[in-house]
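As a plain string of letters, each chain reads:
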Amino acid sequence: EERIFMFMDLKSSTTIAESLGHIKYSSFIRDAFMDINQVLFPYNAQVYQYVGDEIILSWTIKEGLKNLSCLHFYFACEKQFANKTAYYIKNYGQVPHFKAGLHMGKVTAVEIGEIKRDIAYHGDTLNTAARIQSMCNKYGKRLLVSSFFVEQSNIESQFTITSLGDILLKGKSSTVGIASVEMPADK
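Attention here is on the structure that accompanies the text. It should be emphasised that the depicted structure is a prediction, and the values quoted were computed from it without experimental measurement.

Rules and cut-offs
Residues numbered from 1 in each chain as written. Predicted model: local features only at pLDDT ≥ 70, side-chain atom pairs only at ≥ 80, totals over all residues. Heavy atoms only, no water. Buried < 20%, exposed > 50% of the residue type's maximum accessible area, 1.4 Å probe, protein only. Helix = DSSP H or I, 4+ residues; strand = E, 2+ residues; numbered from the N terminus. Arc of directions from axis to C-beta. Salt bridge = Lys/Arg side-chain N within 4 Å of Asp/Glu carboxyl O.

1. Thoughts on helix H6 (residues 124–133)
So, step 1. Where H6 is concerned, the buried positions are Thr-125, Leu-126, Thr-128, Ala-129, Ile-132 and Gln-133. Summarising the axial view, the buried residues of H6 lie within an arc of 165°, below the 170-degree limit, and thus occupy one face.

What follows is the structure in C-alpha cells.
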C-alpha cells in the first residue's frame, strides 16, 4: 500500500537524559508523547511505533495530503509544546523539541509475531524517511521531507520550502532529493 511516514526524534536526547536522570527523563518522554497524542486526531495521524525517544507516525496518502495534514501535524505539535512551556520548565527545566523526516511511497503491511502479534510495515519508504530525519542535525533543520513528497503535493501553497539538493543517504545506492519545510512567518 501507499503511505506517508514521519519519524519524529527528540532533539538533544542524550544531553537531556544526562541532565534529568533516567526516571525523570522517562517522565519527560512520557509527557512529550502524551502531548503529541493530543494532536493526532485533528490531523488524521496514526502512531505506528514508539522507539525510545522517537515516535513514528503514518497516514494514508489521501489523509496525509488532505490539506497537507501530515505537515500541519508537525507544526501543531510544536505549538502544543509552546503552549505548555510553563509546565515543562517547572517540571523539567526545558521544553521538548523534535526533529522530523517525512517520505511517502509503497510499503508492505504484514502481520508479524507469534507471542505478541503486530502489523509491521516494510520497505524502502520507511528506511528513507528515517534517513531523511537523521539529516536534520547536519543541515540544522527541524523538518525535512523528500523531494518526491514535494513533487506529489501542493506544499508550496502553504509552506516555505528550501531544497537541499540530492543527498546520498546512509545505506542507499542512489541519491534522494530532500528539502526543509518551514511555516511561513505570517501564519
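Next, the rest of the story.
2. Describing the pattern of salt bridges
So, step 1. Following the criterion strictly, the structure yields 7 salt bridges and no others.
So, step 2. A salt bridge links Asp-9 to Lys-99; its shortest N-O distance comes to 3.8 Å. Taken together, the residues Asp-9 in strand S1 (residues 2–10) and Lys-99 in strand S4 (residues 98–106) connect sequence positions 90 residues apart. Taken as a pair, Asp-9 and Lys-99 share a single burial class, namely buried.
So, step 3. Here Arg-117 ties to Glu-111 by a salt bridge, and the two come within 3.4 Å at their closest N and O atoms.
So, step 4. Judged by its relative accessible area of 53%, Arg-117 falls in the exposed class.
So, step 5. Residue classification places Glu-111 among the exposed positions, given a relative accessible area of 52%.
So, step 6. Residues joined in a network through salt bridges with shared partners are Glu-78, Arg-142 and Glu-182.

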